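Chain residues, written in single-letter form:
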Amino acid sequence: MSTHDEDDLTPDLRTQLSALPREMDPGRLLEERTVRALRERGMIQAAAPGGRVRRIPRSWLGGAVAAGIALFASGLALGQWMGTRATVQVVEAARAPDTRQAALVVQQTGSAYVQAMARFAELSDSASTVQSAEGREVAARMLRAAADELIRIAPDDPLASAVLAGFQRADSAQAARAGGKQGVVWF
């Protein structure tokens, strides 16, 4: 109705219209029909019998907790493994210059040894027999110590094995000549 039509109403009719309820209660039947229609379309699920709320079974809850613990533990183990691997790489990277530096020192020392032996050979002709024997003994001991270290670094090295075998044969021959007595050379 428009406001123009309301002006045509009598005051008695206006009083009766204003007494009418403006909103009606739809009732329980409308609510039940709406819920049923929504369930049929799959928009809502039916409540559990007795109106109780559905709960997660305890077995599922236990499984979820176990899966969570397993996930946490595997993440922890993976993190430690990755951290250890990174640490090993850092240590290897830090050790590489030390290894190169040690190899350089070995090369320099070996060159110095060879030069000293060449100088000793030049001087041994003019030196006394005792001095020459002491020089040869020192040179042989240094060579033996170097062969021992090389065997420790590379146990299958044939050259170092041959050098040490030669020293063992010489020791055996010297012991046989000395009658089982070994001399001590003091430096």
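Computed from a predicted structure; not experimentally measured. (Residues numbered from 1 in each chain as written. Predicted model: local features only at pLDDT ≥ 70, side-chain atom pairs only at ≥ 80, totals over all residues. Heavy atoms only, no water.)

Re the overall build of the protein
Summing up its helical and strand segments, the protein has 6 helices and 0 strands in all. Counting over 187 residues, the protein shows a buried share of 4%. Taking as baseline every contact in the protein between residues at least 6 positions apart, the subset at least 24 positions apart corresponds to 26%. (Helix = DSSP H or I, 4+ residues; strand = E, 2+ residues; numbered from the N terminus. Buried < 20%, exposed > 50% of the residue type's maximum accessible area, 1.4 Å probe, protein only. Contact = heavy atoms within 4.5 Å.)

Points about a nonpolar patch on the surface
A contiguous nonpolar surface patch, about 600 Å² in accessible area, is contributed by Ile56, Trp60, Leu61, Val65 and Ile69. In this structure, Leu61 sits in helix 4 (residues 58–124). (Patch = residues over 30% accessible without salt bridge, like charges linked within 9 Å, V, L, I, M, F, W, Y side chains within 5 Å. Areas by Shrake-Rupley, 256 points an atom, 1.4 Å probe, with all protein chains shown as cover. Salt bridge = Lys/Arg side-chain N within 4 Å of Asp/Glu carboxyl O.)

Remarks on the pattern of salt bridges
Applying the stated criterion to the full structure yields 5 salt bridges. Note that Arg144 is salt-bridged to Asp171, the shortest N-O span being 2.7 Å. Separated by 27 residues along the polypeptide, Arg144 in helix 5 (residues 129–153) and Asp171 in helix 6 (residues 158–177) bring together distant segments of the chain. Across the salt bridge formed by Arg152 and Glu149, the nearest N and O atoms sit 3.1 Å from each other. Taken together, the residues Arg152 and Glu149, both in helix 5 and 3 residues apart, mark about one turn of the helix. For Glu149, a relative accessible area of 39% corresponds to the partly exposed category.

Remarks on the packing of helix 5 against helix 6
Contact geometry for helix 5 and helix 6: axes closest at 9 Å, N-to-C directions at 135°. Comparing the axis directions of helix 5 and helix 6 gives the class oblique. For the pair helix 5 and helix 6, the crossing hand works out as left-handed. Listed contacts from helix 6 to Ala140, Leu143, Arg144, Ala147, Asp148, Leu150 and Ile151 of helix 5 are Ala160, Ser161, Val163, Leu164, Phe167, Gln168 and Asp171. Class assignment of the residues belonging to the contact of helix 5 with helix 6 gives a composition of 9 nonpolar, 2 polar and 3 charged. (Axes fitted to C-alpha atoms, helices over the stretch in contact; angles between N-to-C directions. Parallel < 35°, antiparallel > 145°, perpendicular 65-115°, else oblique. Left-handed = near helix turned anticlockwise from the far one by under 90°. Nonpolar A, V, L, I, M, F, W, Y, C, P; charged D, E, K, R; others polar.)

Notes on helix 6
Helical geometry note: an α-helix holds 3.6 residues per turn, so side chains three or four residues apart project in the same direction. Helix length check: helix 6 (20 residues) gives 29 Å between terminal C-alpha atoms against 28 Å at 1.5 Å per residue, within 8%. Those residues of helix 6 that fall on the buried side of the exposure criterion are Ala160, Leu164 and Phe167. The arc that holds the buried residues of helix 6, viewed along the axis, is 55°, so those residues lie on one side. Projecting away from the buried face of helix 6 at angles above 90 degrees are the exposed residues Pro158, Leu159, Arg169, Ala176 and Arg177. Here the buried face of helix 6 lies against helix 5. (Expected span 1.5 Å × (residues − 1). Arc of directions from axis to C-beta.)

A word on the confidence of the model for the protein
Per-residue confidence for the protein averages 80 on the pLDDT scale, and 84% of its residues sit at or above 70. Looking at the elements of the protein, mean pLDDT is at its lowest for helix 1 (residues 3–7), recorded as 60, and at its highest for helix 3 (residues 28–40), recorded as 88. (pLDDT = per-residue confidence, 0-100.)

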